[in-house]
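Observations on chain architecture
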Amino acid sequence: MKKAYNFNAGPCVLPREAVNAAIEALKDFKGTGMSVIEVSHRSKEWEAVMDECRSLWKEILNIPEGYSVLFLGGGASLQFLYVAMNLLENKAAYLETGVWAKKALKEAKGIGNAYAIASSADKTYSYIPKGYEIPTDIDYFHITTNNTIYGTEIKEDIDCPVNLVADMSSDIMSRPVDVSKYALIYGGAQKNVGPAGTVFVIVKNDILGKVSRYLPTMLDYRTHIEGESMFNTPPVFSIFVMNETLKWVKAQGGLEAIKKMNEEKAAILYNEIDRNPLFRGTAAVEDRSLMNICFVMAEGYENLQDEFFAFAKERGMVGIKGHRSVGGFRASTYNACPKEAVEALVACMQEFEKLHTK
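Cut-offs and rules
- Residues numbered from 1 in each chain as written.
- Predicted model: local features only at pLDDT ≥ 70, side-chain atom pairs only at ≥ 80, totals over all residues.
- Heavy atoms only, no water.
- Pairing = 2+ DSSP bridges.
- Helix = DSSP H or I, 4+ residues; strand = E, 2+ residues; numbered from the N terminus.
- Right-handed = clockwise from strand over helix to strand, strands pointing away.
- Expected span 1.5 Å × (residues − 1).
- Buried < 20%, exposed > 50% of the residue type's maximum accessible area, 1.4 Å probe, protein only.
- Contact = heavy atoms within 4.5 Å.
- Phe/Tyr/Trp six-rings, centres within 6.5 Å; stacked < 30°, edge-to-face > 60°.
- Lys NZ or Arg CZ within 6 Å of the ring centre and 35° of its normal.
- Axes fitted to C-alpha atoms, helices over the stretch in contact; angles between N-to-C directions.

Two elements, strand E3 (residues 91-96) and strand E4 (residues 113-119), share 6 bridges in a ladder whose sense is parallel. Looking at E4, one finds that Leu95 is bridged to Ala118. On the question of chirality, the crossover connecting E3 to the parallel E4 by way of helix H4 (residues 99-109) is right-handed.

Given below as structure tokens:
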């Protein structure tokens, strides 16, 4: 089998245990004689998977009582609308830290009075804004904790005087989170918790039902709470793999252990970027993401970019091209990305350096 070091930003590398369990379930789901993609979502075998997956979310993240965990379709981009539909009555504030934060704000503006309280657009979203004040007369404050395109991350749970909403698509389950500080957390699964196809939502129940507008049935969080994420047919395969991925997270020792692994991997690569004269990081050092490590060729070596892509590809590196809007390189070191892969990329960078420096 060809050796590939997978640094894709999403869909991304998954634990082999989850992939292998999915293969078996595709052939025969829990001895039913049917594939997991054929079985009824109303069967006791499938309902057991849903119950276990919810329980793992609650256990691993230590989610307090009074919160519901939902698995929905439509991607995190649909949640931009969900959030505003369900929570925006008077006005809402957003922290604009990248493309996805900007898109979330756009959807909210289409519903009501929403605005950016601070933005890092002036420096191509290369840092997290600081020193802003959160108003107390807003319905909620929305943040995007990790910015996959630009490689910045809010690594701490901020104190917020109003309902705090967070898009954690690309750093959920990468570190412990104090869920009690948030009113709502959402994200696409295809980074740390499974394949594309489902969205997780962690919502505090008592914040719902406060808006005066009509909520379409499918866009009302309460519909999915009451239906236990099965008001309509859920994306069963994605949820199955998510469940297996969470089993793997738990087996690693939980989020404290996962955080330590991620910090170690990121340090290895950032140290090489800072040391190697051919490359430079693009995110503010204090805001560097542990999940998406972005860098470019250093000044004077820009003409080597395509050569390095080809050089790295020959050595098994996959998915290191930066987002099309910014270029350069991006290595996504999500939970299941092994340290071995990061070390292989560093060795590749060092080998390339020897070819182009004296």
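Moving on, we come to unusual backbone geometry. Cis geometry is found at the peptide bond from Gly10 to Pro11, where omega equals 0°. By the element assignment, Pro11 lies in the loop between strand E1 (5-6) and helix H1 (16-27). The residue Glu228 is not glycine, and still its phi comes out positive at about 50°. Inspection of the secondary structure assignment puts Glu228 in the loop between helix H5 (221-226) and helix H6 (236-251).

A word on H6. With 16 residues, H6 ought to run about 22 Å at 1.5 Å a step, and its terminal C-alpha atoms sit 23 Å apart, in line with that. Extensive coverage of H6 is indicated by the burial of 12 of its 16 residues. Val236, Ser238, Ile239, Phe240, Val241, Met242, Asn243, Glu244, Thr245, Leu246, Trp248 and Val249 are the residues of H6 that are buried. As for H6, its buried residues are in contact with H1, helix H2 (44-61), strand E2 (67-72) and helix H7 (255-275). The first or second residue beyond H6 is Gly253, which carries a positive phi of 115°.

All told, the structure shown has 16 aromatic pairs when counted by the stated rule. An angle of 65° between the planes, with centres 5.1 Å apart, marks the rings of Phe308 and Phe352 as edge-to-face. Taken together, the positions of Phe308 in helix H8 (residues 305-314) and Phe352 in helix H9 (residues 339-356) put the pair 44 residues apart, joining distant regions of the chain. Residue Phe352 is classed as buried on the basis of its relative accessible area of 0%. A cation over an aromatic ring shows up here: Arg315 above the ring of Phe311, its NZ or CZ 3.5 Å from the ring centre.

Moving on to the sheet that holds strand E5 (residues 140-144). Reading across from one edge, E2-E10-E9-E8-E5-E3-E4 is the order of the 7 strands in this open sheet, with mixed pairing throughout. Lying at the two open borders of the sheet, with one neighbouring strand each, are E2 and E4. Recorded for the sheet is a direction-independent mean angle of 20° between the axes of neighbouring strands. The pairing of E3 with E5 spans 2 bridges and is parallel. Its bridge partner lying in E5, Ala93 is registered against Phe141. Sitting on the sheet, H2 touches E2 and strand E10 (199-204), and the angle it makes with E2 is about 130°.

These figures capture arrangement, not role.
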